[in-house]
Amino acid sequence: MLDIKWIRENPQALDEALAKRGANPESHNLLALDEARRQHLTRLQEAQERRNAASKEIGKAMASGDKALADRLKAEVAELKGFVQEGEAEERRLDAELRDALARVPNVPLEDVPVGADENDNVEIRKVGKPAHHNWSKEHFEIGEALGLMDFERAAKLSGARFTVLSGQLARLERVLGQFMLDLHTTEHGYTEVQPPLLVRDDAMFGTGQLPKFSEDLFRAGDDHWLVPTAEVPLTNLVREEILDGEKLPLRFTALTPCFRSEAGSAGRDTRGMLRQHQFYKVELVSITDEDSAIAEHERMTECAETVLKKLDLPFRTMVLCSGDMGFGARKTYDLEVWLPGQNTYREISSCSVCGDFQGRRMNARYRAAGEKQPRFVHTLNGSGTAVGRALIAVMENYQNEDGTIAVPDVLRPYMGGIEKIGG
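Model, not experiment: these values are computed from the prediction. (Residues numbered from 1 in each chain as written. Predicted model: local features only at pLDDT ≥ 70, side-chain atom pairs only at ≥ 80, totals over all residues. Heavy atoms only, no water.)

Draft legend 1. Seen up close, the state of the cysteines. Under the defined criterion, the tally for this structure stands at zero disulfides. For cysteine 352, which is in no disulfide, the shortest distance to another cysteine sulfur is to cysteine 304 and amounts to 8.6 Å. The cysteine cysteine 355 is free of any disulfide, with cysteine 352 supplying the nearest cysteine sulfur at 11 Å. A relative accessible area of 3% places cysteine 355 in the buried class. (Disulfide = S-S within 2.5 Å. Buried < 20%, exposed > 50% of the residue type's maximum accessible area, 1.4 Å probe, protein only.)

Structure (structure tokens):
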């Protein structure tokens, strides 16, 4: 979340930043809540100081034999004690009210983020590879169903819409795509592989910004657990409520996990095939950095995700998202969009975001820089390295042959036992 001290000093800057996101101004409401809380704390402190002073005066009155004064002071102390007890409860209520309001305010975009309303205002910054154009190109679900290796009807019988059953070499291809990405990021890019829990508590979801605002996008599992929508949640929360040694930063984590999303609000969008699923696999990248390294780490993380697509020889473009299309916790985001010849368009396969100390504050995760006594909040980054299901789609469509078979990319053939194509 944002720092209320910064908001006090920069109310106009906050509202201007929110306007860039297409959101309503919040500074007036937040500062009103903050002022009410601060005024109450002042009154509470004054009452506590007066109670302490009156308690000492009782002893003096008793020593001097002034019973009437002592009785009045005792009555005053009793009244102040009741006020303080009620005031502490009110303090907790005001703290929670301000915290809840701050928790719902999105992050402030960096200055170089293009201003815009939606995906139509995103800006292409580079393009890699030459998109294939064939009049016989099919979409992935047509290829997979024709091979008998992708089954949506049976998946619907098991679980309903937005699920898929893969089998045979297509199931293997998805598995080895994830393995290839993990191997790349751990052996060449310096990430530490983690196998995190797939169920997390409310506090973890709050820490990365999914709660309280986006609960409808999640799957709840029991009273105090949620299925992870992305491994960003457990990986980032590995450092929650800790003070890290600044000299050991950055920390870089990666994980291959299933992800679970309700896809609330996506009715009618991408209903055919595997593009938008309730359950999918993704290789996640997370970096925990200090303040000075975050921007450079963002460029590095994006390059790591791009390397996956380059090694798979998939055409893609890198977009910087405009202010109105960024995620809630992001200050700047790069999207990688892979070419899908079956759809004759680019589709997102990775998002890499720098979040500043937004998540660090929510998690109370800090670091102590060399020579400094006061710890600072960590800066966090997250990215897809990449979405495995969408990588499968991209390989199927870009490596499809006119006879309906799928060529296996060179880099994946060792993982596939040496086979050169699927089908036929």
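Draft legend 2. A look at the sheet that holds strand E6 (residues 219-220). Taken in spatial order, the three strands make up an open sheet running E5-E7-E6, and their pairing is antiparallel. Two strands in the sheet have a free side with no partner beyond their single neighbour: strand E5 (199-200) and E6. The pairing of E6 with strand E7 (residues 226-227) spans two bridges and is antiparallel. Looking at the pairing, arginine 220 lines up with tryptophan 226 of E7. (Pairing = 2+ DSSP bridges. Helix = DSSP H or I, 4+ residues; strand = E, 2+ residues; numbered from the N terminus.)

Draft legend 3. Looking closely at helix H4 (residues 67-103). For H4, with 37 residues, the first-to-last C-alpha span of 53 Å sits near the 54 Å given by 1.5 Å per residue. Every buried residue of H4 is accounted for by Ala70, Leu73, Val77, Leu80, Val84, Gly87, Leu94, Leu98, Ala101, Leu102 and Ala103. Of the surrounding elements, those touching the buried residues of H4 are helix H1 (4-9), helix H3 (27-64), helix H8 (202-208) and helix H11 (358-363). (Expected span 1.5 Å × (residues − 1). Contact = heavy atoms within 4.5 Å.)

Draft legend 4. Quick peek at the packing of helix H7 (residues 168-187) against helix H12 (residues 388-398). Across the interface, H7 lies against H12 with an axial gap of 9 Å and an inter-helix angle of 120°. The chirality of how H7 crosses H12 is right-handed. Residue-level inspection shows Leu170, Leu173, Glu174, Leu177, Gly178 and Met181 of H7 in contact with H12, the latter providing Val388, Gly389, Ala391, Leu392, Val395 and Met396. The residue makeup of the contact of H7 with H12, split by class, is nine nonpolar, two polar and one charged. (Axes fitted to C-alpha atoms, helices over the stretch in contact; angles between N-to-C directions. Left-handed = near helix turned anticlockwise from the far one by under 90°. Nonpolar A, V, L, I, M, F, W, Y, C, P; charged D, E, K, R; others polar.)

Draft legend 5. A look at the sheet that holds strand E8 (residues 243-245). Judged by pairing direction, the sheet is mixed, and its three strands sit side by side in the order E8-E14-E15 without closing on themselves. Both outer strands of the open sheet, E8 and strand E15 (376-377), are each paired with one neighbouring strand and no more. Note that strand E14 (residues 366-368) and E15 share two bridges and pair antiparallel. From the neighbouring strand, tyrosine 367 faces E15, where its bridge partner is arginine 376.

Draft legend 6. Molecular detail of the pattern of salt bridges. Evaluated as defined, the whole model comprises 24 salt bridges. Arginine 361 serves as the salt-bridge partner of aspartate 3, at 3.3 Å between the closest nitrogen and oxygen. One end of the pair, aspartate 3, is in the segment before H1; the other, arginine 361, is in helix H11, with 358 residues separating them in the sequence. Glutamate 57 is the salt-bridge partner of arginine 50, the closest N and O atoms lying 3.2 Å from each other. On the accessibility criterion, glutamate 57 (32% relative accessible area) is partly exposed. A cluster of three or more residues bridged by salt bridges with shared partners is formed by Glu124, Lys127, Arg317 and Glu337. (Salt bridge = Lys/Arg side-chain N within 4 Å of Asp/Glu carboxyl O.)

In short, shape yes, function no, at least from these values alone.
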